[in-house]
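Report on the structure
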Amino acid sequence: MDTKWLEDFLSLTKTGSFSRSSQERNVTQPAFSRRIRALENWLGVALFDRRTYPAALTPAGQIFRQSAENILDELNQSRALFRETLLNRRSDLHIAAASTLNFHFIPQWLRSLEAETGRLTTHVVTRNFHDMVDQLVQGEIDLVLQYAHADVPILFETRQFDQFTLASDPMVLVSGVDPKNGQALYDPSRGDGVSIPYMGYSSDGYFAEVEKLVFEQNAAAKVGFTRLNESPTSEVLKYMAMETGALALVPESCARSEISQGQLRVVGGEAWSTPLSVHIYRTHSGTRPLVAKVWDALSQTGQI
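In this report, we go over the structure that sits alongside the text. (Residues numbered from 1 in each chain as written. Predicted model: local features only at pLDDT ≥ 70, side-chain atom pairs only at ≥ 80, totals over all residues. Heavy atoms only, no water.)

**A closer look at the pairing of strand E9 (residues 224-231)**
If a strand is regular, its side chains alternate between the two faces of the sheet. Here seven bridges tie strand E8 (residues 195-201) to E9, and the two strands are oriented parallel to one another. Among the inter-strand pairings, Tyr 201 is bridged to a residue of E9, identified as Ser 231. Read from E8 through helix H8 (residues 207-217) to E9, the crossover connection turns out right-handed. (Pairing = 2+ DSSP bridges. Helix = DSSP H or I, 4+ residues; strand = E, 2+ residues; numbered from the N terminus. Right-handed = clockwise from strand over helix to strand, strands pointing away.)

**Some remarks on the pattern of salt bridges**
Inspection of every chain in the model, using the stated rule, returns 14 salt bridges. The residue Glu 7 makes a salt bridge to Arg 25 at a minimum N-O spacing of 2.9 Å. Pair noted here: Glu 7 is in helix H1 (residues 3-15) and Arg 25 is in the loop between helix H2 (18-24) and helix H3 (29-43), with a separation of 18 residues, a long-range link. Judged by its relative accessible area of 33%, Glu 7 falls in the partly exposed class. Exposure remark for Arg 25: the relative accessible area of 22% places this residue in the partly exposed category. (Salt bridge = Lys/Arg side-chain N within 4 Å of Asp/Glu carboxyl O. Buried < 20%, exposed > 50% of the residue type's maximum accessible area, 1.4 Å probe, protein only.)

**Notes on the sheet that holds strand E5 (residues 143-148)**
In space, the five strands of this open sheet follow the order E4-E3-E5-E12-E6, with mixed pairing throughout. Looking at strand neighbours, the two that pair on one side only are strand E4 (122-125) and strand E6 (161-168), the edges of this open sheet. When strand polarity is set aside, the average angle formed by the axes of neighbouring strands in this sheet is 25°. Bridge analysis of E6 against strand E12 (residues 277-283) gives seven bridges, and the strand direction is antiparallel. Across the sheet, the residue bridging to Thr 165 is His 279, located in E12. (Axes fitted to C-alpha atoms, helices over the stretch in contact; angles between N-to-C directions.)

**Side note on the pairing of E5**
For E5, the buried fraction is high: six of the six residues fall into the buried class. Of the two faces of E5, both are covered, the one formed by Leu 143, Leu 145 and Tyr 147 as well as the one formed by Val 144, Gln 146 and Ala 148. Two strands pair when backbone bridges link them, and E5 and E12 are joined in this way by five bridges, in the antiparallel orientation. Paired with Val 144 across the strands is Tyr 281, a residue of E12.

Here you go:
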């Protein structure tokens with residue numbers, strides 16, 4: 001038996017509606033109905049009278065309701081106990097961050113912290129935003145580092161999380177270079193009327209909204225763009241811009257090395273740049289000693 005069946009069953013006892021419970025459980029209605037039927041087949045009894053609306057519990061369903069609640073309560077309590085024991089024993093710091101921060105910010109940031117914390121053993125991963133938040137809430141991750149823009153809010157519930165700004169890292173427009181003279185191949189501020197090739201962000205990434213904001217701010221610019229490729233990741237767009245000579249919007253730290261080596265040029269001026277901040281998050285309940293030690297170190301170094 002799958003414990004999801006118990007959660008499905010309890011949801012349906014509350015709503016009395018297969019359609020509403022399927023939405024609540026984030027599955028299609030046919031899949032939800034099959035799971036309820038699978039639970040009934042496993043028990044060997046009908047739990048709901050489907051001749052009524054809302055769906056009503058059968059006598060067997062009324063008896064099983066208390067059992068289902070007790071089973072899930074005991075499982076959740078045991079899981080919470082085991083996870084708390086494991087987390088308190090764990091010595092390493094689990095961090096989730098945007099991939100660009102993993103490459104270009106976190107190594108130096110951690111090294112600067114160690115003057116206050118001593119040597120840190122870390123486990124750093126990249127997840128999509130919703131998984132980061134979920135795992136932070138569940139205690140599977142200690143800290144989340146993410147880019148933020150003042151006009152593109154990140155949907156963190158501030159009553160549940162502590163948040164601080166660690167650094168500034170503006171987003172800039174970069175161009176591939178002409179190998180003959182090292183000059184930028186394209187620059188929207190030149191206004192030469194050509195259609196400029198551009199590498200953009202796919203809609204599944206946070207930077208897609210920041211990119212949209214930058215283009216809206218330059219709507220009056222008399223220049224056309226040909227969108228060649230997409231990716232949610234700045235690193236990918238940076239290398240595509242270098243290979244093709246196209247433009248891309250990336251955090252300055254992402255392209256700092258390539259800019260200094262003359263492989264990319266910042267173009268467009270301030271009109272095509274926008275401020276970004278690096279934020280760090282923890283849960284209010286994140287009281288693991290190592291997490292508290294890092295938070296205290298951030299306070300000591302003036303980063304909080």
